Amino acid sequence: MRRVLAVALAVVVGATLLTACASDPAPSDVAVAWAPKGRAAVLVTWKDTNLPNRITIEGVLSESPSYVKYIPAGDPNHWEIPTSAFPPDGNYKVAVATGTSQGGVTSKLTKSAVFDTDGPVRPSAAAVAPQGRGVLIRWSVPVAPQDFTPNDPLDIKGKKTQRYVPMVGRPGQMLKAIGPATTSNRQVIKSIKPPYAFQLRTTNEWSTQIGGQVLGLTSSISGVVPPLAQYSVPIRVRGRVILHQVGCDLENPCTSQRATPAGVPVVVLTQVTPGARWTPAGRGTTTAGGYYDVGVATTGSRPYKITVPVYSKAGMITGTSTSRPGYTKSVVRVASAGFAGGDTAKKAGSMVTISATVKPAMNTIVMLQAWNRQTRTWANLKAMAMRQGQTALAFKAGQPGDFVYRFVIPGAMMFGRPMQGITTAGLQLHVR
């Protein structure tokens, strides 16, 4: 009987001790705030009766991170949790309980207010423009998404809650910061030449994002111009533009990449007189594959070269490049040549008028020739004056037969350069 009573008492006493251990008083007034030195850590504070504590982080509709910290009895009732322990873009609470690493949790959890760890808003677009020897880069940032924990203990007041670190990468080099963090939405880089990649490392108290990219590209251009062109007849200048850009990530050196986009502007330049400045003669843009085809009005003989001007658009600025000059020699153009009224059949003894008109409207001496069927050569008939690009000769049709005539127009000088002459096609006349 005594033995049974002793066992019963032991069970009761053990149960009493277990209940007491499992029901230690819970901490109270758990609060979170930013640690004094910047925003690198979250300061957790609580109240208790000088007991050991365990600190954890609980997700609210978010996965709980595996963070546990034990505070010995007698230590101050506060602890700094580094912000890196909180996953970004989630909602969390800090929970404090009584307990040790050996004995486990011996009280109920007391939790802080809910707070979010929303990261910075990534810049959505960046624009770049030349400025002196460098560039001016501006970027915009979308409106921050809805805050589902408004006015939580860790919210930071004010609009400029995130900073931007300007970074530049070049081929074979790592992306690196080129200046201090700023809250401005613009960055002037005083001296920079493409190719390069510009990015913004956007940071706030919780995390970092990369955005606001600008590519500084180099260009190379090839072009072909026709060696001959009839006066005032447009020529086609054709070629290709190849762009070289930089691709970067945070973990590897930047690489060089080739691109042949559509929409790259090209300008055809010409030199009107020897030694004169180069001036635009035509403009166009590339099509898919980087190809271009630009029509250029012609006058006198002159050189042409094609250039990619410095231009910028959203997220890109392209450096200039120029092709080798090509020379196009101008040829006198026959605007019309033939017999008056278009009548190529005449009676013997009637009057015939043969004429020619050329461009440019030049003053010169032209030669009228006739085809000699016996010698099978062209024979000079008459040297004729041409005035304002026009010449004509009236003569009487002789004996019946078939005859062929042509005009030989000599070359000329225009704007200090030679223009090539031309010979009309054979003009056939039937005399009956």
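Residues numbered from 1 in each chain as written. Predicted model: local features only at pLDDT ≥ 70, side-chain atom pairs only at ≥ 80, totals over all residues. Heavy atoms only, no water.

Peer 1: Can you walk me through the domain arrangement of the protein in this structure?
Peer 2: Interfaces are often sized by the amount of accessible area the parts lose when they come together. Domain annotation for the protein reports domain 1 (28–117), domain 2 (124–211), domain 3 (217–331) and domain 4 (333–431). Distance from the C-alpha centre of domain 3 to the C-alpha centre of domain 4: 41 Å. Contact residues are listed per partner, giving 18 residues for domain 3 and 13 residues for domain 4. For the domain 3 and domain 4 pair, buried surface summed over both sides reaches about 1,200 Å², with 59% attributable to carbon and sulfur atoms. Scanning the region where domain 3 abuts domain 4 turns up 0 salt bridges. Our count for the contact surface shared by domain 3 and domain 4 stands at 8 residue pairs in polar contact (both at pLDDT 80 or more). Looking at the side of domain 3 that touches domain 4, the elements with two or more residues in it are β17 (228–230), β23 (302–308) and β27 (326–331). Here the side of domain 3 that touches domain 4 gets 4 residues from one element, more than from any other, and that element is β27. (Domains from an automatic or database assignment. Contact = heavy atoms within 4.5 Å. Buried area = accessible area lost by both parts, 1.4 Å probe. Salt bridge = Lys/Arg side-chain N within 4 Å of Asp/Glu carboxyl O. Polar contact = N/O pair within 3.5 Å; in protein donor to acceptor, adjacent residues only side chain to side chain. Helix = DSSP H or I, 4+ residues; strand = E, 2+ residues; numbered from the N terminus.)

Peer 1: What's the story with the environment of isoleucine 317 in this structure? I'm lost.
Peer 2: As for its placement among the helices and strands, isoleucine 317 is situated in strand β25 (residues 316–318). Considered as a pair, isoleucine 317 and valine 128 are 189 residues apart in the sequence and their alpha carbons are 6.6 Å apart. Those residues within four positions of isoleucine 317 in sequence are excluded, and the remaining contacts are Val128, Ala129, Pro130, Val135, Tyr196, Leu215, Gly216, Leu217, Val310, Tyr311 and Ser312.

Peer 1: Please explain the nonpolar core as it appears in this structure.
Peer 2: If you look at soluble globular proteins, the nonpolar side chains tend to sit buried side by side. Val237, Val241, Val266 and Tyr292 are the most contacted members of the largest nonpolar core, which totals 28 residues. Those elements that place two or more of their residues in this core are β12 (163–169), β16 (208–224), β18 (235–247), β20 (265–270), β22 (291–296) and β23. It is β18 that provides the largest number of residues to this core, a total of 5 residues. Taken domain by domain, the makeup of this core includes at least three residues from each of domain 2 (124–211) and domain 3 (217–331). Residues Val352, Ile354, Leu393 and Met419 belong to the second largest nonpolar core, which totals 24 residues. (Core = buried A, V, L, I, M, F, W, Y, C linked by side-chain atoms within 4.5 Å. Buried < 20%, exposed > 50% of the residue type's maximum accessible area, 1.4 Å probe, protein only.)

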